[in-house]
Amino acid sequence: MAGRQALGATRRFAGMGNRLAKGAAVAAVAFAIAAGAGAADRAGWITQQRLEKADAEPGSWLNTGRNYAEDHYSPLDQLDASTVGRLKLAWYQDLDTDRGQEANPIVVDGVMYTTSAWSKVFALDARSGKLLWSYDPAVNGRKGYDACCDVVNRGVAVYEGKVFVGALDGRLIALDAASGKVLWDVQTTDTSRPYTITGAPRVVRGKVLIGNGGAEYGVRGYVSAYDANSGKLVWRFYTVPNPNGKPDGAASDAIFEKIGNKSWGPNGAWKEVGGGGTVWDAIVYDQELDQILIGVGNGSPWNRRVRSGDEGDNLFLSSIVALDPDTGAYKWHFQEVPGEEWDFTATQPIILADMPVAGKPRKVLFHAPKNGFFYVIDRASGKPVSIKNFVPVNWADGYDEKSWRPLVRPEARYTESGKEFLAMPSAFGAHNWHPMSFSPKTGLVYIPVQLMGFGYADDKNFTYRPGHWNLGNGSRSLLGPQSDAQLAAARAATKGRLLAWDPVKQEARFTVEHPAPSNGGILSTAGNLLFQGQPDGTFSAFDARDGKKLWSFDAQNGVIAAPISFSLDGEQYIAVMAGLGGSFGVSSPFAPNPHKRPNGRILVFKLDGKASLPPYQKPVMPAQLVSDSFPAGAAERGLALYAGQCSLCHGPGGYSAGVIPDLRRSPTIASRELFHQVVLDGILQQRGMISFRDMLKPEQVEEIRAYLGMRAAALKESEGS
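The following refers to the structure shown.

With that settled, the discussion passes to the sheet that holds strand E12 (residues 202-204). What the four strands build is an open sheet, ordered E12-E13-E14-E15; its pairing is antiparallel. The open sheet has two edge strands, E12 and strand E15 (233-238), and neither has a second partner. Ignoring which end each strand starts from, the neighbouring axes of this sheet average 20° apart. As judged from the four bridges shared by strand E13 (residues 207-210) and strand E14 (residues 222-227), these two strands associate in the antiparallel manner.

Okay, here's the thing in structure tokens:
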């Protein structure tokens, strides 16, 4: 499917101190060297040399994390504590979808390239916001069901006049940077399986690297490298063994033969479900040691007993793996959570840095994944330098410093204890995909933290359901709150936090408390500023030295993406995507506004900007009453059915965050005919609401409707509507 086109260096701990004028001069010299004469007018002409020397172009944002170190730090300092109060909106661009926005834009030579939900791509004039071109890969709406955590996309890669995007349906697409025309389009996944792509591609020496998602549904993870010019597959590295026990003819064959295969039980659901281990976000190139570092995801199913009989470490789940960039060959790995069974992925952002260890500089990586521990790992050997929890943790009592294995508490192994375990942190993660930032000026890593508990219990009746969620988690917490009082208690137990972490001392320097989890990704700057958004639409600047709030803006929609910074004509800009969504926005009832939000936007700021957003009035969406009569016990039976089939998108207990419709407020529940057309006939399939005819009988659909009617009546009473 070709789609349709429409117009519409690692950071050190020393200070930077670059002024814009000096930065512009350095960038001009670097560009002349890297691009060559006459190349400046070629759209998107980012070369390998420019990528490797990104720090010489402080006014550009060439990679998803700005440079190969992916530190999400801008060396620009026109904006600081004395000037940020004058920061105003310079321009904005409305998008055509109200789903989640998570992309980090790329800005090169005056053009911004970014993506929105449903994998759409936009090229805009970075000075004015004028749309230069847009591209819609025309992803089938049904594919939205396969996306565990919304139909988001975290951005593009740009290289030698091409823009690369991973589409939700598993395609990797190369576009002409000047026109948006499709140059090549390859399917990177098995379309018979529920694979998705939401992460940003990376480019290294003429190869485009991409992973995939889908572990909750049942897939086998891998990362692939494609030729940037032709789209031909160069190499592939699988992260879990081949279920049939045979070699894949892939770069991973040798290491699985040596250590990987024996780390999995000989029996278990992994052989049918796939095992998981998807590489859905972190892919980082270490140019100094010439290696690719990937973060590997959770097991599939989550339940280790079901997955592999409580046997083995299950390599390479929850691991950081180093690969050769040319061949994909294994170099080293560190498994953060052996035999993981809590959705403790290692896919969260990886930052590369030089750090003093025992008085000597070491090349290290920083990692703050879901499980709540901050890892400093030697990039040459893969051995930890230090591991320390950065949030309260109850699943492990730290790490054994000889074996560097976690000291897992017995009660946390819920498949072995047979008892429910309430974990902190949880599957939502102490830190999820939201980019953290490292400032070489302060020496601190700034982490968007979320504190949310989650229950786990052994599902002794697990049955694999192809194409649907397959967790093996039988926790009653999945039922969600069933009253406003329970919801209030759950909200009180969750919070967000901006954490300034000292990676040398492995301790917090300061924290900024936020009212809700899923606080956005972070940008730090040489002006000692931090920029971060919130799910309630607040976009703020803080002092990077003490966390003092210095400036804020009402974005009218949740801001969960990480900001970027660039400069043009001597002016520093801050840009961010606005639009609540993602795993928190879709499945959590804790977001502050359960009503429909405006479409997403690209927001761009500069000193004394002249633009302003139009007024926004939140719509009134009252509860919908169901007047039909139902058999005795229907609503109670509907609760379990709703929890198993509906809550992961529409919100536990019927409490929705508003990204996907709040069914208590939907007119569909008042009509038996319409509700059955939606749930069984799939009339809204193009919006991601698939038919559940293979999962539900008509009488069960009525039981779900009875439950929703009960919940809608409670909503009407509480709101007085």
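Considering the arrangement of structural elements, one finds Gln 534 in the loop between strand E35 (529-533) and strand E36 (538-543). Excluding residues that lie within four positions of it along the chain, Gln 534 makes contacts with His 514, Ala 516, Asn 519, Gly 558 and Val 559.

This next bit is on the nonpolar core. Nonpolar side chains in soluble globular proteins tend to be buried together. Ranked by internal contacts, the top residues of the largest apolar core, which has 78 residues, are Trp 342, Phe 366, Phe 374, Phe 390, Trp 395 and Ile 447. Examining the composition of this core, we find that six residues originate from one element, strand E22 (residues 350-357), more than from any other. Within the second largest apolar cluster, 63 residues are counted, among which are Val 121, Ala 147, Leu 175 and Ile 292.

In contact at an axis separation of 7 Å, helix H9 (residues 634-645) and helix H12 (residues 698-719) are set at 100° when each is read in the N-to-C sense. It follows that H9 is roughly perpendicular to H12 by the angle criterion. Each of Ala 634, Ala 635, Arg 637, Gly 638, Leu 639, Leu 641 and Tyr 642 in H9 lies in contact with H12, whose residues at this interface are Gln 700, Glu 703, Ile 704, Ala 706, Tyr 707, Leu 708 and Met 710. Here the contact of H9 with H12 is built from residues that sort into 10 nonpolar, two polar and two charged.

The geometry of an aromatic ring pair is captured by the separation of the ring centres together with the interplanar angle, meaning the angle of the planes. Applying the stated criterion across every chain yields a total of 37 aromatic pairs. Arranged with centres 6.0 Å apart and planes meeting at 80°, the rings of Phe 428 and Phe 454 form a pair that is edge-to-face. Separated by 26 residues along the polypeptide, Phe 428 in the loop between strand E28 (421-423) and strand E29 (437-439) and Phe 454 in strand E31 (residues 454-456) bring together distant segments of the chain. Among the residues examined, Phe 454 registers a relative accessible area of 14% and is labelled buried. Between Phe 539 and Trp 551, the ring centres sit 5.8 Å apart and the planes meet at 85°, which makes this aromatic pair edge-to-face. In this pair, Phe 539 sits in strand E36 while Trp 551 sits in strand E37 (residues 549-554), placing the two residues 12 residues apart along the sequence. Comparing Phe 539 with Trp 551 shows no difference in burial state: the two are buried. Members of the aromatic cluster, connected to one another through ring pairs, are Phe 334, Trp 342, Phe 344, Phe 373, Tyr 375, Trp 395 and Tyr 399.

Along helix H11 (residues 672-679), the residues that are buried comprise Phe 675, His 676, Val 678 and Val 679. Seen end-on, H11 carries its buried residues on one side only, within an arc spanning 160°. Close packing links the buried residues of H11 with H12.

This part takes up the pairing of strand E34 (residues 522-525). The alternating pattern of E34 places Ile 522 and Ser 524 and Leu 523 and Thr 525 on opposite faces, both of which are buried. Relative to E35, E34 runs antiparallel, the two sharing three bridges. Looking at E35, one finds that Ile 522 is bridged to Gln 532. Here E34 folds back onto E35 in antiparallel fashion, the turn holding three residues, of which Asn 528 has a positive phi close to 60°.

What counts and what doesn't
Residues numbered from 1 in each chain as written. Predicted model: local features only at pLDDT ≥ 70, side-chain atom pairs only at ≥ 80, totals over all residues. Heavy atoms only, no water. Pairing = 2+ DSSP bridges. Helix = DSSP H or I, 4+ residues; strand = E, 2+ residues; numbered from the N terminus. Axes fitted to C-alpha atoms, helices over the stretch in contact; angles between N-to-C directions. Contact = heavy atoms within 4.5 Å. Core = buried A, V, L, I, M, F, W, Y, C linked by side-chain atoms within 4.5 Å. Buried < 20%, exposed > 50% of the residue type's maximum accessible area, 1.4 Å probe, protein only. Parallel < 35°, antiparallel > 145°, perpendicular 65-115°, else oblique. Nonpolar A, V, L, I, M, F, W, Y, C, P; charged D, E, K, R; others polar. Phe/Tyr/Trp six-rings, centres within 6.5 Å; stacked < 30°, edge-to-face > 60°. Arc of directions from axis to C-beta.

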